[in-house]
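Understanding the architecture of this molecule
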Amino acid sequence: MSIPANLKYTKDHEWVSIEGDVATVGITHFAQKELGDIVYVEVETLDQTLDKDEVFGTVEAVKTVSDLFLPLTGEIIAFNDDLESAPETVNSDPYGAGWMIKIKIADASEIDTLLSDQAYKDLIGA
């Protein structure tokens, strides 16, 4: 199972890539595998500022709908519009083209609360 070492993770199975004060967020390979075939990604929080752990959207698979939790406090500044026409990209490339949102980070100290790749592997038993 792919768990890139250069990313941070949450207990809710989101991954985070940080560049300066912007974080890119998606769901992990483990999460997309557990959900199954993803048919819809909904994010209605674009341009809103949310707190860490608030729901920023949902991902819908064939048999379930799951909330998406914000890994860091900040303003949602971008949504991956490609997911509207090709939500299955989250299954095929969760760490690349399947990214979901970009956040302008409000509190950089929260980055320290995210899991390392090893801590995430321990969480999922990988």
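Residues numbered from 1 in each chain as written. Predicted model: local features only at pLDDT ≥ 70, side-chain atom pairs only at ≥ 80, totals over all residues. Heavy atoms only, no water.

The name recorded for the protein in an unreviewed UniProt entry is Glycine cleavage system H protein, from Flavobacterium tagetis. Regarding the protein, the UniProt comment filed under Subunit (unreviewed entry) reads as follows: "The glycine cleavage system is composed of four proteins: P, T, L and H." The record in UniProt for the protein states the following under Sequence similarities (unreviewed entry): "Belongs to the GcvH family." (UniProt positions renumbered as here; feature names shortened; annotations may be inferred.)

1. With respect to the pairing of strand S8 (residues 74-79)
Note that strand S5 (residues 49-50) and S8 share two bridges and pair antiparallel. Bridge assignment links Thr49 to a residue of S8, and that residue is Glu75. Here S8 pairs with strand S9 (residues 101-105) via five bridges, running antiparallel. Among the inter-strand pairings, Glu75 is bridged to a residue of S9, identified as Lys104. (Pairing = 2+ DSSP bridges. Helix = DSSP H or I, 4+ residues; strand = E, 2+ residues; numbered from the N terminus.)

2. With respect to the environment of Asn80
By secondary structure assignment, the location of Asn80 is in the loop between S8 and helix H2 (82-85). For Asn80, a relative accessible area of 3% corresponds to the buried category. Separated by 21 residues in sequence, Asn80 and Ile101 have C-alpha atoms that sit 6.1 Å apart. Setting aside its immediate chain neighbours within four residues, Asn80 contacts Ala97, Gly98, Trp99 and Met100. From its side chain, Asn80 meets the backbone oxygen of Trp99 in a polar contact 2.8 Å long. (Buried < 20%, exposed > 50% of the residue type's maximum accessible area, 1.4 Å probe, protein only. Contact = heavy atoms within 4.5 Å. Polar contact = N/O pair within 3.5 Å; in protein donor to acceptor, adjacent residues only side chain to side chain.)

3. Considerations on the environment of Glu60
Position of Glu60 among the secondary structure elements: in strand S6 (residues 55-61). Separated by 23 residues in sequence, Glu60 and Asp37 have C-alpha atoms that sit 8.6 Å apart. What Glu60 contacts, discounting residues up to four positions off in sequence, is Asp37, Ile38, Val39, Tyr40 and Val65.

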